[in-house]
Amino acid sequence: MTNVLAIDCSADEAVVCAVKDGVFAERRSGKDKRHNGVLLGLADEVLTQLGARPSDFDAFGAVVGPGSFTGIRIGVASVKALCLATDKPAVAIDSLELLAMGEGDCYAAIDARNGNYYAARFADGEMTDEKLTSGEELFAHGAKVVTERPEDIGRRLARLTAERAEKGEFDNALEPRYLRKSQAERMKDGD
């Protein structure tokens, strides 16, 4: 079994989860969005629960987006630091993929504010048509739309990270994926 530790800071609640020797551990921040202030403490609690050190893991996973601009950067930077410190590979996970896991054919969507959603269509387990869209467009077609983060988000994240690591699907560049410009970029460009 592959030992992995993964971080998701793409939403209001940060999640740090790990699997070591088949044992799962998870910690969540609550919905205060101060990921930079709590993330290391959450990781430390997960490591303590598993009796592990970062070097005990085979790979590290990060949710790379779409979602909170700042949160994604915090999570990605943290995983890059773990990879650099341990000389272990990184796995990139899409936040919409986590929502759609086990839901069958659906649209997975994350609130992007102002009536917009980051969304992607999932059919037969494959993601297509990832984009920023209006709520009106997203809900107009009558298909199943998944918008709520599942209670088992940590287990899903650990499972996807381990599966990709076992297949050798690493992304050591580990770059955040945004479906639109940040607010600062939009203001700078006059959008």
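Refer to the structure presented above.
Here's a quick rundown of the structure.

1. Observations concerning the sheet that holds strand β3 (residues 23-28)
Sheet architecture is open: 5 strands sit in the order β3-β2-β1-β4-β5, paired in mixed fashion. A single partner strand is all that each edge strand has here, and the edge strands are β3 and β5 (90-94). When strand polarity is set aside, the average angle formed by the axes of neighbouring strands in this sheet is 20°. Note that strand β1 (residues 4-8) and strand β4 (residues 59-65) share 4 bridges and pair parallel. Note on β4: the bridge partner recorded for Val4 is Ala59. Sheet strands touched by helix α5 (residues 153-167): β1, β2 (15-20), β3, β4 and β5. Its angle to β1, the strand with the most contacts, is close to 125°.

2. Details of the pattern of salt bridges
Tallying each qualifying case throughout the model produces 18 salt bridges. In this structure, Arg27 engages Glu45 in a salt bridge whose closest nitrogen and oxygen atoms are separated by 3.1 Å. Remark: Glu45 occurs in helix α1 (residues 35-50) and Arg27 occurs in strand β3; sequence separation between them is 18 residues. A relative accessible area of 27% means that Arg27 is categorised as partly exposed.

3. Some thoughts on the side chain of Thr2
Tracing the chain through its elements places Thr2 in the segment before β1. Separated by 3.2 Å, the side chains of Thr2 and Glu166 make a polar contact. Those residues within four positions of Thr2 in sequence are excluded, and the remaining contacts are Val19, Asp58, Ala162, Ala165 and Glu166.

So, how was this worked out
- Residues numbered from 1 in each chain as written.
- Predicted model: local features only at pLDDT ≥ 70, side-chain atom pairs only at ≥ 80, totals over all residues.
- Heavy atoms only, no water.
- Pairing = 2+ DSSP bridges.
- Helix = DSSP H or I, 4+ residues; strand = E, 2+ residues; numbered from the N terminus.
- Axes fitted to C-alpha atoms, helices over the stretch in contact; angles between N-to-C directions.
- Contact = heavy atoms within 4.5 Å.
- Salt bridge = Lys/Arg side-chain N within 4 Å of Asp/Glu carboxyl O.
- Buried < 20%, exposed > 50% of the residue type's maximum accessible area, 1.4 Å probe, protein only.
- Polar contact = N/O pair within 3.5 Å; in protein donor to acceptor, adjacent residues only side chain to side chain.

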